[in-house]
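# Overview (structure and organization)
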Amino acid sequence: MNNTRSAVQQEQEFMRLAVRLAEKSVAEGGGPFAALVVRGDEVVATGINRVTLDTDPTAHAEVSAIRAACRELGEFELAGAVLVSSCEPCPMCRAAAMWARLDRVLYGADRHDAAAAGFDDRAFHEAFRDPDAPAPAPQHQVVTPDRTAPFAAWSAKPDRIDY
């Protein structure tokens, strides 16, 4: 970290960059969300919400930034990096940050700010907070005798890359 800036100042600078990118995304036809992956003083990668641009419900800003950072670094884990998001990550993006092994996540606007603008993902947050809450897409297990065969094949693969 640059010694002339405090950690709080640096976080605020990164957040302002994320907010500017989110505003630019709106101007260019994307959603009002942006994210950065940073290591130390450096922005490794950025991402914007491309859900409608790419017709991809998983193309959230955070996921886009994580994917870009992994490509840039040639790694599938981002330990030592921080995700800076213009808005509180939805459960999918929070899980992606966990899978990427990011050190932490910083966000600006929260889920209530997003809901006020028409992006209401509170049902998703609730579904993960309370396993007994009605889920938007209920799930249940279908048991077949071969259901664990892919795991056996994986375990037997001598050249697998564990993650």
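As shown above, the structure is provided for reference.
In what follows, the accompanying structure is described. (Residues numbered from 1 in each chain as written. Predicted model: local features only at pLDDT ≥ 70, side-chain atom pairs only at ≥ 80, totals over all residues. Heavy atoms only, no water.)

### Quick look at the overall build of the protein chain
Applied cut-off: Segments assigned H or I by DSSP are reported as helices when at least four residues long, segments assigned E as strands when at least two residues long, and all are numbered from the N terminus. Remark: exposure states derive from per-residue accessible area (1.4 Å probe, protein chains only) relative to the maximum for the residue type, with buried under 20%, exposed over 50%, and partly exposed in between. Accessible areas in this description were obtained via Shrake-Rupley with a 1.4 Å probe; residue shielding takes into account the shown protein chains only. Positive residues here are Lys and Arg, negative ones are Asp and Glu, while His and the chain termini are left out of the count. Throughout, a charge is located at the NZ atom of Lys, the CZ atom of Arg, the CG atom of Asp or the CD atom of Glu.
When you go through the protein chain residue by residue, the secondary structure sums to seven helices and four strands. Along the protein chain, from the amino end to the carboxyl end, the secondary structure elements read α-β-β-α-α-β-α-β-α-α-α. Structurally, the protein chain occupies a C-alpha span of about 60 × 40 × 30 Å along its principal axes. Burial status across the protein chain gives 32% buried among its 163 residues. Carbon and sulfur atoms provide 55% of the accessible area of the protein chain, an area that totals close to 10600 Å². Looking at charge distribution, the protein chain has the averaged site of its 17 positive side-chain charges lying 2 Å from that of its 24 negative ones.

### Focus on a nonpolar patch on the surface
In plain terms, the rule: Patch members must show over 30% relative accessible area and no salt bridge, and they are joined within 9 Å when carrying like charges or within 5 Å when they are nonpolar side chains of Val, Leu, Ile, Met, Phe, Trp or Tyr. Between Lys or Arg on one side and Asp or Glu on the other, a salt bridge is scored when a side-chain nitrogen of the former is within 4 Å of a carboxyl oxygen of the latter.
A grouping of Phe-76, Trp-99, Trp-154, Ile-161 and Tyr-163 is seen on the molecular surface, where their side chains present a nonpolar patch of about 650 Å² in accessible area. Along the chain, Phe-76 turns up in the loop between helix 3 (61–73) and strand 3 (82–87).

### Details of the side chain of Ser-85
Basically, it comes down to this: In the analysis that follows, any N or O atom pair within 3.5 Å is treated as a polar contact, provided that within protein one partner can donate a hydrogen and the other can accept it, and provided that, for residues neighboring in sequence, both atoms belong to side chains. The contact rule is simple, with two residues in contact once any of their heavy atoms fall within 4.5 Å.
Here Ser-85 is to be found in strand 3. Taking the relative accessible area as the measure of exposure, Ser-85 reaches 1% and is therefore buried. A distance of 2.7 Å separates a polar atom in the side chain of Ser-85 from the backbone oxygen of Cys-87. In this structure Ser-85 touches Met-15, Ala-18, Ala-34, Ala-35, Glu-62, Leu-106, Tyr-107 and Gly-108, once residues within four positions along its chain are discounted.

### What to know about the environment of Ala-34
By the secondary structure assignment, Ala-34 is in strand 1 (residues 34–39). In this structure Ala-34 comes out as buried when scored by relative accessible area, which is 0%. On a C-alpha basis, the gap between Ala-34 and Arg-50 in space is 9.7 Å, while along the polypeptide they are 16 residues apart. Among all residues touching Ala-34, those that are not within four sequence positions of it are Ala-18, Leu-21, Ala-22, Gly-47, Ile-48, Ala-61, Val-84, Ser-85 and Ser-86.

### Some thoughts on the packing of helix 3 against helix 4 (residues 91–99)
Basically, it comes down to this: An axis is simply a line fitted to the C-alpha atoms; with a helix, the fit covers only the stretch in contact. Between two such axes, the angle follows the N-to-C directions and lies from 0 to 180 degrees. Roughly parallel means an angle under 35 degrees; roughly antiparallel, over 145; roughly perpendicular, 65 to 115; everything else is oblique. By convention the crossing between two helices is left-handed if the near helix lies anticlockwise of the far one by an angle smaller than a right angle, and right-handed if it lies clockwise. Under the convention adopted here, Pro, Cys and the residues Ala, Val, Leu, Ile, Met, Phe, Trp and Tyr are nonpolar, Asp, Glu, Lys and Arg are charged, and Gly plus all remaining residues are polar.
Close contact between helix 3 and helix 4 brings their axes to 8 Å; oriented N to C, the two are set at 20°. The orientation of helix 3 with respect to helix 4, classified from their angle, is roughly parallel. Where helix 3 crosses over helix 4, the two elements pack in a sense that is left-handed. Between helix 3 and helix 4, the residues in contact are Glu-62, Val-63 and Ile-66 and Met-92, Cys-93, Ala-96 and Ala-97, respectively. When the residues that make up the contact of helix 3 with helix 4 are grouped by side-chain class, the tally is six nonpolar, no polar and one charged.

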